[in-house]
Amino acid sequence: MTSAAKHVDEARLWGRHMDMAAIGARTDGGVNRQALSAEDARARALLVEWARSLGFDVASDPIGNLFVRREGTERGATPVLTGSHLDSQPTGGKFDGAYGVLAGFEALEALQLGGIVTRRPIELVAWCNEEGSRFAPGAMGSAAFAHALPLETALAIKDREDKTVGAALAEMPTLPPRPLGFPVHAYVEAHIEQGPVLEREAKTIGAVTGIQGSQWFTVEVRGAEAHAGTAPLRTRQDALKAAVAMIAALETWMADETDRVRFTVGRLDVSPNSPNTVPGRVVFTIDFRHPDGAVLVRLGDGIERICHENARGCAVTVTKNFDAPPCAFDPRIIDTIEQSAAILGLSRMRLPSGAFHDAKHMVDLCPTGMIFVPCEKGISHNPVENAKPSDLAAGARVLATVLEELAR
Ligand SMILES: [Zn+2]
């Protein structure tokens, strides 16, 4: 085992997860710790308390990303950064996000306990508002840090109670300031997989190759309302039956033997939504994703045509709301993760990420990578989200080894 990995402590890491999960704990075992809430403030305060007890400096940037810094020996050397997020979905679990922060903190503590000196500083970041459930969009802190989202725009975003991000930020613990977008040598994020692949393949460590691309659409189908008892079928412009035909045709269009396409129609609004009236208007959403940029474009470009071909006399408007190409992580970081897992004798594989992560924004700033560990049945964004203490510790050992290597 490398020097830092030796000092990773499974029980301590698990205990910190339970301490963190107590903040915003739900009665069903899950966690509700939404961004910039009172619970988020307590989570931040706890991390600050732990950091200061080990003598680390803490700071926060203007969008509320929280940094914990372990110094290196070379003055002015750019830091190696690791971290994830402490906020959760309203019906979230104990590990999504929190794991990346706590594994990063465990790595810092392990380096400290081992008396390991690195040339570069190593910093831990808890990104602000990754989940986006209270303030949309998600990954707000990392986007603002990477200048992909203007700070002023982010600060003005409101929640459902009309409270702005700026006002909510003022209720977080006050810390010494740090600028947005400071130079970073490399970024490595640990996370539970949030999918079933590692568990199914019986691998402990995932060296993540990148984040799959996404396209999101809204489809509006406009027909004509009519009396269910009197309007003959042949004369109807039934928006719901047209929408059903479109969705069925899209399902066929998205068929994929390799099972890599992710195609979801998650919302269907029918109006007037009355049992006795032919639906006059339907709006449905499409979320589809693929790790291959060319396939993403080819399939996405067919959506509007297929909707029109199945309109059954209705008018259709297809609006693309979101188009994010896949991003690829740095080959050297992927290699370093695999090699570190090999040194530690851990089973490992490469895989793409199906979900978004803050790492997506860091790709534009520095060499970036992610480490996945298995979660039970791949379930996430759910109170029953679970992971094994031994897997969490294994991921933290790999992370500690990678950070030590990158900061050498
Ligand atoms: Zn997450």
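These numbers come from a predicted model, not from an experiment.

*Asks:* So what exactly am I meant to see when it comes to the overall build of the protein chain here?
*Replies:* When helices and strands are tallied, the protein chain shows 14 helices and 16 strands. The C-alpha radius of gyration computed for the protein chain amounts to 23 Å, which stays within 12% of the reference 22 Å derived for 408 residues, consistent with globular compactness. Projected onto its principal axes, the C-alpha positions of the protein chain cover 80 × 45 × 40 Å. A total of 408 residues make up the protein chain; the buried ones form 53% of that total. Split by element, the accessible area of the protein chain, about 17,100 Å² in all, is 51% carbon and sulfur.

*Asks:* What is the right way to read the coordination of the zinc ion from this model?
*Replies:* Each donor-metal-donor angle in an ideal tetrahedron of four donors is 109.5 degrees, and each such angle in an ideal octahedron of six donors is either 90 or 180 degrees. All of the protein donors around the zinc ion are His 85 (NE2), Asp 96 (OD) and His 191 (NE2); their distances to the metal are 2.0 to 2.2 Å. In primary-sequence terms, the residues that donate to the zinc ion follow H-x10-D-x94-H. Here His 191 lies in strand 5 (residues 186-192) and Asp 96 lies in the loop between strand 3 (80-85) and helix 4 (98-113), a separation of 95 residues in the sequence. The pair Asp 96 / His 191 is uniform in exposure class, with both members buried.

*Asks:* Got a minute to help me understand the state of the cysteines in this structure?
*Replies:* Disulfide: a covalent bond formed between the sulfur atoms of two cysteine residues. Following the criterion strictly, the structure yields zero disulfides and no others. With no disulfide partner, Cys 307 has as its closest neighbouring cysteine sulfur the one in Cys 314, 12 Å distant.

*Asks:* What should I look at first to understand the pairing of strand 7 (residues 213-222) in this one?
*Replies:* Two faces, one strand: in a regular strand the side chains alternate between the faces of the sheet. Where strand 7 lies against strand 12 (residues 281-290), 10 bridges are found, and the strand directions are antiparallel. Bridged to Arg 222 within strand 12 is Arg 281. Relative to strand 13 (residues 315-324), strand 7 is paired through nine bridges, and the arrangement is antiparallel. Residue pairing across strands places Val 219 opposite Val 318, the latter belonging to strand 13.

*Asks:* Explanation requested: the packing of aromatic side chains in the structure shown.
*Replies:* The relative placement of two aromatic rings is captured by the distance of their centres and the angle of their planes. Scanning the entire structure with this criterion turns up 12 aromatic pairs. With a centroid separation of 6.3 Å and 40° between ring planes, the pair formed by Trp 50 and Phe 105 is classed as tilted. Taken together, the positions of Trp 50 in helix 3 (residues 38-53) and Phe 105 in helix 4 put the pair 55 residues apart, joining distant regions of the chain. Each member of the pair Trp 50 and Phe 105 is classed as buried.

*Asks:* Got a minute to help me understand the nonpolar core in this structure?
*Replies:* By size, the foremost hydrophobic cluster in this structure holds 80 residues, and its most contacted members are Leu 47, Val 68, Tyr 99, Ile 205, Ile 337 and Val 398. With residues near it in sequence (within four places) discarded, Leu 47 still touches Met 20, Leu 66, Val 68, Leu 86, Val 101, Phe 105, Leu 124 and Ala 126. Phe 217, Val 270, Phe 284 and Ala 311 belong to the second largest nonpolar core, which has 25 residues in total.

*Asks:* For this particular structure, what's the right way to read unusual backbone geometry?
*Replies:* Pro 137 follows Ala 136 through a cis peptide bond whose omega is 5°. Topologically, Pro 137 is positioned in the loop between strand 4 (122-127) and helix 5 (140-145). Residue Pro 272 is bonded to the preceding Ser 271 through a cis peptide linkage, with omega at 5°. Along the polypeptide, Pro 272 turns up in the loop between strand 10 (268-271) and strand 11 (277-278). Phi at Gln 194 is positive, roughly 65°, even though this residue is not glycine.

*Asks:* What is the right way to read the packing of helix 4 against helix 14 (residues 389-407) from this model?
*Replies:* Two quantities define a packed helix pair, namely the angle between the axes and the distance from one axis to the other. Relative orientation of the contacting elements helix 4 and helix 14 amounts to 60°, with a least axis distance of 9 Å. In terms of their interaxial angle, helix 4 and helix 14 are classed as oblique. Between helix 4 and helix 14 lies a crossing of right-handed hand. Together, Tyr 99, Ala 103, Gly 104, Glu 106, Ala 107 and Leu 111 of helix 4 and Asp 391, Leu 392, Gly 395, Ala 396, Leu 399, Ala 400, Leu 403 and Glu 404 of helix 14 make up the contact between the two elements. Looking at the contact of helix 4 with helix 14, its residues break down into nine nonpolar, two polar and three charged.

*Asks:* What should I look at first to understand helix 9 (residues 239-253) in this one?
*Replies:* Helical geometry: 3.6 residues make up each α-helical turn, so side chains three or four residues apart lie on a common side. Over its 15 residues, helix 9 extends 21 Å from the first C-alpha to the last, a length consistent with the 21 Å expected when each residue adds 1.5 Å. Residues of helix 9 that are buried include every one of Ala 239, Ala 242, Ala 243, Ala 245, Met 246 and Leu 250, and no others. All buried residues of helix 9 fall inside an arc of 160° around its axis, so they share one side. Packed against the buried residues of helix 9 are strand 7, strand 9 (262-264), strand 12, helix 11 (303-309) and strand 13. Looking at where helix 9 begins, the residue whose side-chain oxygen comes 2.9 Å from the main-chain nitrogen of Leu 240 is Asp 238.

Cut-offs used in this document
Residues numbered from 1 in each chain as written. Predicted model: local features only at pLDDT ≥ 70, side-chain atom pairs only at ≥ 80, totals over all residues. Heavy atoms only, no water. Helix = DSSP H or I, 4+ residues; strand = E, 2+ residues; numbered from the N terminus. Rg over C-alpha atoms; globule rule 2.2 N^0.38 Å. Buried < 20%, exposed > 50% of the residue type's maximum accessible area, 1.4 Å probe, protein only. Areas by Shrake-Rupley, 256 points an atom, 1.4 Å probe, with all protein chains shown as cover. Donors = N, O, S within 2.8 Å, 3.2 Å for Na, K, Ca; no water. Disulfide = S-S within 2.5 Å. Pairing = 2+ DSSP bridges. Phe/Tyr/Trp six-rings, centres within 6.5 Å; stacked < 30°, edge-to-face > 60°. Core = buried A, V, L, I, M, F, W, Y, C linked by side-chain atoms within 4.5 Å. Contact = heavy atoms within 4.5 Å. Axes fitted to C-alpha atoms, helices over the stretch in contact; angles between N-to-C directions. Parallel < 35°, antiparallel > 145°, perpendicular 65-115°, else oblique. Left-handed = near helix turned anticlockwise from the far one by under 90°. Nonpolar A, V, L, I, M, F, W, Y, C, P; charged D, E, K, R; others polar. Expected span 1.5 Å × (residues − 1). Arc of directions from axis to C-beta. Polar contact = N/O pair within 3.5 Å; in protein donor to acceptor, adjacent residues only side chain to side chain.

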